[in-house]
Amino acid sequence: MKRVLATAVIAALTLTAVGTANAEHRPDTRTLQRHADALLRQGAPGVLVEVDTPRGDVRVRSGYGDVDRRTPVPWQAKFRIGSYTKTFVAATVLQLVGEGRMSLDDTVERWLPGVVAGNGNDGTKITVRHLLQHTSGLNNYVGQLPELFLEDRFDEIRFRTHRPEQLVALATRVPPDFQPGEQWNYSNTGYLLAGMIVERVTGNTWQHEVRTRIVQPLGLRDTSLPGTSAFLPGPHATAYERFPEKGLEADPTDPRYGRALDVTHYNPSWGGAAGDMISTTEDGNKFLKALIGGKVLRPAQLAEMTKTVRAPKLDPGWAGAEYGLGLMWIPNSCGGHWSHGGNIPGFMTRNGVTADGKRSVMVSVNTDSMVAEPGAPRLTKEVTVDLVDHALCGLK
């Protein structure tokens, strides 16, 4: 099951343009390819990029989907999208709001009595909006699962099923980071609770609601909600993870990562409504464009989703970033774009869509623990910023 990541990966394996893209795309596509290739020096085993433009789709890939076999990332690769799941969940909640079945001002206590209580946590003061906006103050339960970040413990929990109630309990056993609405801090706990509320409102699992409200109507044929299944459907790249040798206590400036291991298959239930979905670059683009293009939500609910607050803790990666409800607004060279990436063991997803919903990009890397090669440029921003900027602002 475990495979050691080779120290060197080749640069560009293949370049292609699909759809109705014409010759005038090719110089810009070569630039896109160079951006994808540059991610290899930053520690990406393989990279898959798809840009959806009014004139056609453009795809590039680089490096290896399987390092041992020296094969590329499949063009139609399925991958775990991590926190991009949050955008689907937020949109589902907002559909229910638009139907009058719940309100963004409803408290957690109204729908989940007694679930958020103790140690200063108070569900009577936390609203659905706080959950989706990351302003609830609730501790991020992932920090209470050190086994996810330790090589010698990951195998013992990789096929374990986690219930959302158990994970929320982990978060509430410690005091909140701040009082609801006072600050912004990313917390997966809010989205577990949002998923639980969807289930209470509808009587169905949150996965059923996302599937029937978004995935099926939009024809996202390669998007799935695995629940407790550890299986990653093919075709897919091998998912690699390099664990910090000291786990959560690792020094961010010198994490001393270990070897790269194959973590393709594991039970993602610990991610739940905060991050357990699987998709493709094509489906990911289709959803982004439909969402911002007004095909998923009514205008009033889309307006709520795109109403942002500053998110200063995102500044080291995305300077000036703001956060709405399951969406980030990121300034770029042509004004700004909407986005929501995701990290989960073995995969990193990045994306973006223009404000008019006409151009989008999806980036998949088959690791979320990138360790730069010796001598690689030191970055002062998130590793895909230039690639996404070129995709949205440079391809005309």
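These numbers were taken from a predicted model, which means no experiment stands behind them.

Q: Just checking my understanding: could you explain the overall build of the protein for this structure?
A: Per the secondary structure count, the protein includes 11 helices and 16 strands. Relative to its length of 396 residues, the protein is compact, with a C-alpha radius of gyration of 20 Å against a globular reference of 21 Å. Counting only C-alpha atoms, the protein reaches 55 × 45 × 35 Å along its principal axes. Within the protein, residue pairs in contact and separated by at least 24 positions form 72% of the contacts whose partners lie at least 6 positions apart.

Q: Teacher, can you tell me more about the packing of aromatic side chains here?
A: Each aromatic ring pair is described using two quantities: the centre-to-centre distance and the angle formed by the ring planes. All told, the structure shown has 9 aromatic pairs when counted by the stated rule. Each ring, one from Y84 and one from F287, has its centre 6.1 Å from the other, and the planes form 45°; the classification is tilted. Of this pair, Y84 sits in the loop between β4 (79–80) and α2 (85–98) while F287 sits in helix α9 (residues 281–292), placing them 203 residues apart in sequence. The same class applies to Y84 and to F287, which are both buried. Three or more aromatic residues joined by ring pairs make a cluster, and in this case those are Y84, F88 and F287. Sitting over the face of the ring of Y266, R80 holds its NZ or CZ atom 4.5 Å from the ring centroid. Lying across the ring of Y191, K86 places its NZ or CZ 5.7 Å from the centre.

Q: Just to check I follow, could you spell out the nonpolar core for this structure?
A: Side chains of nonpolar character tend, in soluble globular proteins, to be buried together. If you look at the biggest cluster of nonpolar residues, it comprises 82 residues, and the most contacted ones within it are F88, M102, L132, L193, F287, L291 and M305. Contact partners of F88, with chain neighbours within four places excluded, come to I81, V210, I214, L220, M277 and F287. By size, the runner-up hydrophobic cluster in this structure holds 20 residues, among which are L32, V60, M348 and V365.

Q: I tried to follow the state of the cysteines on my own but got confused; where do I start?
A: Where two cysteines share a covalent bond between their sulfur atoms, that bond is called a disulfide. On inspection of all chains with the given rule, the structure shows 1 disulfide. Paired through a disulfide, C334 and C393 show a sulfur-sulfur distance of 2.0 Å. On the sign convention where negative is left-handed, the bridge of C334 and C393, at about -65° about the S-S bond, is left-handed. One end of the pair, C334, is in the loop between β12 (328–330) and β13 (337–339); the other, C393, is in helix α11 (residues 385–394), and 59 residues separate them in sequence.

Q: Quick question: what am I supposed to make of the environment of K286 here?
A: By the secondary structure assignment, K286 is in helix α9. According to the relative accessible area criterion, K286 is partly exposed, its value standing at 29%. Considering only alpha carbons, one finds K286 and S360, 74 residues apart in sequence, at a separation of 8.4 Å. With residues near it in sequence (within four places) discarded, K286 still touches L218, G219 and L220.

Q: I tried to follow the packing of helix α6 (residues 164–172) against helix α7 (residues 189–202) on my own but got confused; where do I start?
A: Helix-helix packing is described using two parameters, namely the angle between the two axes and the distance between the axes. Contact geometry for α6 and α7: axes closest at 10 Å, N-to-C directions at 145°. Like other packed secondary-structure pairs, α6 and α7 cross with a definite hand, here left-handed. Along its contact with α6, which presents P164, E165, L167, V168 and A171, the element α7 presents T189, L192, L193 and M196. Grouping the amino acids of the contact of α6 with α7 by side-chain chemistry returns 7 nonpolar, 1 polar and 1 charged.

Q: I keep staring at the confidence of the model for the protein and nothing clicks. Help me out?
A: The predicted coordinates should not be examined in detail at positions where pLDDT is low. Looking at the protein as a whole, the pLDDT averages 92, with 91% of positions reaching at least 70. Across residues 1–27, where pLDDT falls below 50, the model places 70 contacts with residues more than four positions away in sequence or in other chains.

Q: I keep staring at the pattern of salt bridges and nothing clicks. Help me out?
A: A side chain with one charge may pair with a side chain of the opposite charge, provided their charged atoms come close. For the structure shown, the criterion picks out 17 salt bridges. Note that R41 and E373 form a salt bridge whose closest N and O atoms lie 3.9 Å from each other. A residue pair is termed long-range when its members are at least 10 positions apart, and R41 in helix α1 (residues 26–41) and E373 in the loop between β16 (360–365) and α11 qualify at 332 residues. For R41, a relative accessible area of 36% translates into the label partly exposed. Since its relative accessible area comes to 28%, E373 is described here as partly exposed.

Q: I tried to follow the packing of α2 against helix α8 (residues 206–215) on my own but got confused; where do I start?
A: In contact at an axis separation of 10 Å, α2 and α8 are set at 80° when each is read in the N-to-C sense. When the axes of α2 and α8 are compared, the pair comes out roughly perpendicular. Counting all contacts with α2, which are made through T85, F88, V89, A91, T92, Q95 and L96, the residues of α8 involved are W206, E209, V210, R213 and I214. In the contact of α2 with α8, the residues fall into 7 nonpolar, 3 polar and 2 charged.

Q: Which parts of the structure should I look at to understand the pairing of strand β15 (residues 347–354)?
A: Look at any regular strand and the pattern is simple: side chains alternate between the two faces of the sheet. Among the 8 residues of β15, 8 are classified as buried, and the element is accordingly described as predominantly covered. Residues F347, T349, N351 and V353 line one face of β15 and the alternating positions M348, R350, G352 and T354 line the opposite face, and both faces are buried. Here β13 runs beside β15; their pairing, made up of 2 bridges, is antiparallel. Within β15, the position partnered with H337 by the bridge is T354. Note: strand β14 (residues 342–344) against β15, 3 bridges, orientation antiparallel. Pairing of G342 across the sheet is with T349, part of β15.

What counts and how
Residues numbered from 1 in each chain as written. Predicted model: local features only at pLDDT ≥ 70, side-chain atom pairs only at ≥ 80, totals over all residues. Heavy atoms only, no water. Helix = DSSP H or I, 4+ residues; strand = E, 2+ residues; numbered from the N terminus. Rg over C-alpha atoms; globule rule 2.2 N^0.38 Å. Contact = heavy atoms within 4.5 Å. Phe/Tyr/Trp six-rings, centres within 6.5 Å; stacked < 30°, edge-to-face > 60°. Buried < 20%, exposed > 50% of the residue type's maximum accessible area, 1.4 Å probe, protein only. Lys NZ or Arg CZ within 6 Å of the ring centre and 35° of its normal. Core = buried A, V, L, I, M, F, W, Y, C linked by side-chain atoms within 4.5 Å. Disulfide = S-S within 2.5 Å. Axes fitted to C-alpha atoms, helices over the stretch in contact; angles between N-to-C directions. Left-handed = near helix turned anticlockwise from the far one by under 90°. Nonpolar A, V, L, I, M, F, W, Y, C, P; charged D, E, K, R; others polar. pLDDT = per-residue confidence, 0-100. Salt bridge = Lys/Arg side-chain N within 4 Å of Asp/Glu carboxyl O. Parallel < 35°, antiparallel > 145°, perpendicular 65-115°, else oblique. Pairing = 2+ DSSP bridges.

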